[in-house]
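Geometric and topological summary
What follows is the residue order along each chain.
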Amino acid sequence: MKFSILTFGCKVNSYESEFMKEQLLKNDYIYNDDYKSSDIVIVNTCSVTNTADNKCKKMIRSVRRENSKCILMVCGCTAENHREELNDLDIDILIGNKEKSNVIGLIEDFKQSNEKYIKFYNDRRLPFEDMKVNEFSDLTRAYVKIQDGCNNYCAYCIIPYVRGSIRSKGFDEAVNEIKTLVDKGHKEIVFTGINTGAYGKETGKYDLTDLIREISKIDRLERIRVSSIEITEIDDKFIEEMRVNPKLCAHLHVSLQSGSERILQIMNRKYTKAEYLEKINKLKTSRPEINLTTDVIVGFPTETEEEFLECVEYCKEVGFSKIHVFPYSKREGTKAASMDGHLPNSIKKDRARRLIEIDNDLQLQYNNKFIGTKVNVLIEEIVDGKSIGHTQNFLKVIVDQELDTNTCYDVMITAADIECVYGIKEEK
């Protein structure tokens, strides 16, 4: 039987979809890119914004309309967040974020019984659902889910309600999975999680830095990348590891969400602007070339024009290399949804546009700093005769010649624009 997996949202979802794909392939199912001609279609959903929810629900309807006979399985955060609504969409297997690891059992049971299966777990204190991916099709980079859940309850965010409390992959299990991936030829490991920096905190036995130190001992592993981390999870131990460990990539996504002190407080973000900037400056001291990206929500309830401008100036002061800008999205069930002072969409869109203009300037400033410098690039793909890859600090580099993929090269940067830099391979 042929199957397709349609994945929305974060790298955690991508990892879980990769696991489901691997399990199906092991059990003699055949992967198919075209969901319209598949016998089984899995939609792994995302609920981080209203837009994400709507895209997922639209896709579910399209799958059922265009492939009425397939076994349709829906899982993930939209399923958790909109259980009753999705129950009316003629879905055969409907689960949340638990039981993805049992994809084979769920499908085989449905094939035998032909009875609709719906299962959700209302206990936030779930155990970590262990999965192990043995190989990714992209040889250069492999993702490892080391953590799930969130305890922060930011006022705007639905994720703690649909992902549960913090929980972590076992230390030895994580190390062994990474060793397997490196043995398969992956040179870069990317940690993923809902709150990656909280890894191990519920046990008190180890933390993210301990895991970084342990896997750094793997000889053929060249890069360790932390996909995102909260500023509250960055401590002096982690910063020192950033300073001394050449395998740990000088690239962090550290969500800010607002540069207004008052808005940070009502968002329930657990830091001040001064505390955030202090740690950012320590990171910059430890690794001057560090690439710091962030998320910012504009148009949060009651945000004034003056507070928006305060946020703009703060982003400039921090000197991010990339800002992911989000107009505030009302999520029913969160504290912010019931707040007074919701702003019109026109104001939110205008503020997003203005901050994106600032972001473009910041990106170009950061990329221009590398013109005339030599960087090390891991080549990932060849497109139209050009080699494309990333540096350790996640500069996207384009070289105007065909090089070997999954191989590192020294490249002299000659030009830059907003999205990438351009260079020439250094001759040895």
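Look a little higher up for the structure.
Residues numbered from 1 in each chain as written. Predicted model: local features only at pLDDT ≥ 70, side-chain atom pairs only at ≥ 80, totals over all residues. Heavy atoms only, no water.

What follows covers the overall build of the protein chain. Counting its secondary structure elements, the protein chain contains 13 helices and 19 strands. A compact globule built from 428 residues should have a C-alpha radius of gyration of about 22 Å, and the protein chain, at 22 Å, falls within 12% of that. By its C-alpha atoms, the protein chain is 65 × 60 × 45 Å across when sized along the principal axes. Long-range contacts, defined as pairs at least 24 residues apart, comprise 72% of the intrachain contacts of the protein chain with a sequence gap of at least 6. Summed over all atoms, the accessible surface of the protein chain reaches about 18,800 Å², with 48% contributed by carbon and sulfur. Seen as two clouds, the 63 positive and the 71 negative side-chain charges of the protein chain have centres 1 Å apart. (Helix = DSSP H or I, 4+ residues; strand = E, 2+ residues; numbered from the N terminus. Rg over C-alpha atoms; globule rule 2.2 N^0.38 Å. Contact = heavy atoms within 4.5 Å. Areas by Shrake-Rupley, 256 points an atom, 1.4 Å probe, with all protein chains shown as cover. Lys, Arg positive; Asp, Glu negative; His and termini not counted. Charge placed at Lys NZ, Arg CZ, Asp CG, Glu CD.)

For the rest of this paragraph, the subject is the nonpolar core. Core analysis: the biggest nonpolar cluster contains 60 residues, and Phe-191, Phe-238, Leu-252 and Tyr-276 have the highest contact counts within it. Filtering out sequence-adjacent residues up to four positions away, Tyr-276 remains in contact with Ile-231, Val-254, Ser-255, Leu-256, Tyr-271, Thr-294, Tyr-314, Val-318 and Phe-320. Residues Val-41, Cys-46, Cys-56 and Leu-86 belong to the second largest nonpolar core, which totals 19 residues. (Core = buried A, V, L, I, M, F, W, Y, C linked by side-chain atoms within 4.5 Å. Buried < 20%, exposed > 50% of the residue type's maximum accessible area, 1.4 Å probe, protein only.)

With that settled, consider the pairing of strand S14 (residues 322–327). Sheet topology places strand S13 (residues 291–298) next to S14; six bridges connect them, and they run parallel. Considered in S14, the bridge of Val-296 is made with Val-325. Running through helix H12 (residues 305–318), the crossover from S13 to the neighbouring parallel element S14 is right-handed. (Pairing = 2+ DSSP bridges. Right-handed = clockwise from strand over helix to strand, strands pointing away.)

Bridge count between strand S15 (residues 374–383) and strand S18 (residues 408–416): five bridges; the pairing is antiparallel. Note on S18: the bridge partner recorded for Lys-374 is Met-412. Note: S18 against strand S19 (residues 421–425), five bridges, orientation antiparallel. Residue pairing across strands places Ala-415 opposite Tyr-422, the latter belonging to S19. Hairpin geometry of S18 and S19 is characterised by an intervening segment of four residues between the two adjacent antiparallel strands.

As a working rule, side chains carrying opposite charge can pair if their charged atoms are close by. On inspection of all chains with the given rule, the structure shows 44 salt bridges. In this structure, Glu-305 and Arg-351 form a salt bridge, with 3.6 Å as the shortest nitrogen-oxygen distance. Taken together, the residues Glu-305 in helix H12 and Arg-351 in helix H13 (residues 345–368) connect sequence positions 46 residues apart. (Salt bridge = Lys/Arg side-chain N within 4 Å of Asp/Glu carboxyl O.)

Examined against the element boundaries, Lys-169 turns out to sit in the loop between strand S9 (167–168) and helix H7 (171–183). Relative accessible area serves as the criterion here: at 1%, Lys-169 is assigned to the buried category. Beyond its immediate stretch of four places on either side in the chain, Lys-169 contacts Tyr-15, Phe-128, Asp-130, Met-131, Val-144, Lys-145, Ile-146, Ala-174, Glu-177, Tyr-199 and Tyr-206.

With respect to the helices and strands, Asn-13 occurs in helix H1 (residues 11–26). Classification of Asn-13 by relative accessible area gives buried; the value is 2%. Here Lys-100 takes part through its side chain, which lies 3.3 Å from a polar atom of the side chain of Asn-13. Each residue touching Asn-13, except ones within four places of it in the same chain, is listed here: Thr-7, Phe-8, Asn-44, Thr-45, Cys-46, Lys-100 and Arg-163. (Polar contact = N/O pair within 3.5 Å; in protein donor to acceptor, adjacent residues only side chain to side chain.)

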